[in-house]
Amino acid sequence: TFPLIAIYGPAGMGKTSLALQAPNPIVFDLDDGVSELASDFKAASIPKTFFSSWDHLIALTEAAIKSKKTKKAVKIEVGDISEELDFNCYDSIILDTLNRIEELCKIHILQTNEVETLTDGKLGFGKGYDVLAETMRKYFDLLVEGRRYFTIIAPCHSSLKKKKNVDGTDWDIEDLKLNEKVSGLVKEMFSAVFFITRDVTPTKVAGSLNKVIGKDTGGTVLNTVTTASHFAKSRYTLPEQISIPIPKPDKIDANVAGFYGTIIYTNTDNLQSEINRLLSKVEDKNFVQQVMDSISKKVAEVEAAGKSKSSLIPYFYQVFTKVNARVQETA
């Protein structure tokens, strides 16, 4: 099995940037945050999809597992959505974010039971959040099955919560910004929960005997064990803190495949646009022409066979990787 990891922390800490460095990732972009990241790192035309419902999320997750298991494309139909998807060229799934997954689950429960809040008596007195937790547990069970085929990483926002102490001296601790019962399931079922934060070093103030301030080193660290300030856990043998290198936009732009992979799979036009962007950086005109001729021939074959254009995704991924490798050779 592969890792099933939650990475949580304050906004802007680089949770998604770190997750996207997983091998050959595909992103379930529930927060529509990857497009903003692409702008930051000058990686243009990143294809993406949008999740409008809980049923869509379930269908895509089940399809990913089935496709990888059978090594075939899988067709899904959810409402007006009808797609044939092949996940065999991906090795990692990024669920961005756990907070949005919980929100979609909540909306699903409210709509299914025709209630406005989880505290509505129709769900049973005080039972609405139990229903939320149980529904989320079923999805997490699906992720546990999925880690037989993919590395799965789920970024999540953080919030300060009260740490209960038996002697009454409670204190604040950084924790997952999720319902308590859902948060408990993540801690129980995921193989690791990491807290990401700024790398701050205690520094003595010059001219003072006792005054110490926190000096920001400019980097971030991944915390792997629980302390008085945050929750974290891991089933792996890891150091208590792991320094995260600061990504450089120019390097990322020259290594889109390594950093992003083929992030989202449903829009072949955008993926083809990204291939064209990389081709514009290649000076070998014979190579460029060979790639363009190959693409034209493949598209014509698919259209003649009456197949969906989405069936070209594995092919486009191979072309994308090949062209990007050529760009890196000459960079």
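Up top is the structure.
No experiment lies behind these values; they were computed from the predicted model shown. (Residues numbered from 1 in each chain as written. Predicted model: local features only at pLDDT ≥ 70, side-chain atom pairs only at ≥ 80, totals over all residues. Heavy atoms only, no water.)

K.L.:
How should the packing of aromatic side chains be read in this particular structure?
P.N.:
To describe a pair of aromatic rings, one takes the distance between the centres and the angle between the planes. Scanning the model with the defined rule gives 4 aromatic pairs in all. On the numbers, 5.4 Å between centres and 90° between planes, the contact of Phe-140 with Phe-190 is edge-to-face. One end of the pair, Phe-140, is in helix H5 (residues 128-146); the other, Phe-190, is in the loop between helix H6 (180-189) and strand E8 (192-204), and 50 residues separate them in sequence. Neither residue differs from the other here; Phe-140 and Phe-190 are each classed as buried. Over the face of the ring belonging to Phe-231 we find Lys-187, whose NZ or CZ atom lies 4.4 Å from the ring centre. The side chain of Arg-326 reaches across the aromatic face of Phe-287, ending 4.1 Å from its centre. (Phe/Tyr/Trp six-rings, centres within 6.5 Å; stacked < 30°, edge-to-face > 60°. Helix = DSSP H or I, 4+ residues; strand = E, 2+ residues; numbered from the N terminus. Buried < 20%, exposed > 50% of the residue type's maximum accessible area, 1.4 Å probe, protein only. Lys NZ or Arg CZ within 6 Å of the ring centre and 35° of its normal.)

K.L.:
Please clarify how the pattern of salt bridges should be interpreted in this entry.
P.N.:
Should the charged atoms of two oppositely charged side chains come close, the side chains can pair. Taken as a whole, this structure holds 7 salt bridges when the rule is applied. Glu-77 is paired through a salt bridge with Lys-75; the nearest N and O atoms lie 3.5 Å apart. What makes Glu-77 exposed here is its relative accessible area of 59%. The class for Lys-75 is exposed, based on a relative accessible area of 52%. When the shortest N-O distance is used, the salt bridge between Asp-130 and Lys-181 registers 2.1 Å. (Salt bridge = Lys/Arg side-chain N within 4 Å of Asp/Glu carboxyl O.)

K.L.:
In this structure, what is going on with unusual backbone geometry? I would like to understand it.
P.N.:
The phi angle of most residues is negative, glycine excepted, and most peptide bonds adopt the trans form. Geometrically, the link from Asp-96 to Thr-97 is a cis peptide bond, its omega value of 15° lying close to zero. Structurally, Thr-97 can be placed in the loop between strand E5 (92-96) and helix H4 (98-113). The phi angle at Lys-71 is positive, at roughly 60°, despite the residue not being glycine. For Lys-71, the location among the structural elements is in the loop between helix H3 (54-70) and strand E3 (74-78). Judged by its relative accessible area of 65%, Lys-71 falls in the exposed class. Phi is positive for Glu-114, which is not a glycine, with a value near 55°. Here Glu-114 lies in the loop between H4 and H5.

K.L.:
Explanation requested: H5 in the structure shown.
P.N.:
Note: α-helices contain 3.6 residues per turn, so residues at a spacing of three or four share the same orientation. Look at H5: 27 Å from first C-alpha to last across 19 residues, which is about the 27 Å you get at 1.5 Å a residue. Taken together, the buried positions of H5 are occupied by Gly-128, Leu-132, Ala-133, Thr-135, Met-136, Tyr-139, Phe-140, Leu-142, Leu-143 and Gly-146. (Expected span 1.5 Å × (residues − 1).)

K.L.:
Can you walk me through the nonpolar core in this structure?
P.N.:
Note that soluble globular proteins tend to have their nonpolar side chains buried in a common cluster. Of all hydrophobic cores here, the largest spans 55 residues; its most connected members are Phe-87, Leu-98, Tyr-139, Phe-140 and Phe-190. At 8 residues, the largest contribution of residues to this core is made by H3. Formed by 18 residues, the second largest nonpolar core is a distinct cluster that contains Ile-275, Ile-295, Phe-316 and Val-319. (Core = buried A, V, L, I, M, F, W, Y, C linked by side-chain atoms within 4.5 Å.)

K.L.:
Any chance you could explain H4 here in plain terms?
P.N.:
Here H4 is 16 residues long and its end C-alpha atoms lie 23 Å apart, about the 22 Å a rise of 1.5 Å per residue gives. Taken as a whole, H4 has its buried residues at Leu-98, Asn-99, Ile-101, Glu-102, Leu-104, Cys-105, Ile-109 and Leu-110. At its buried positions, H4 is contacted by strand E1 (4-9), H3, E5, H5, strand E6 (151-163) and H6. One or two steps after H4, the chain reaches Glu-114, where phi turns positive at roughly 55°. (Contact = heavy atoms within 4.5 Å.)

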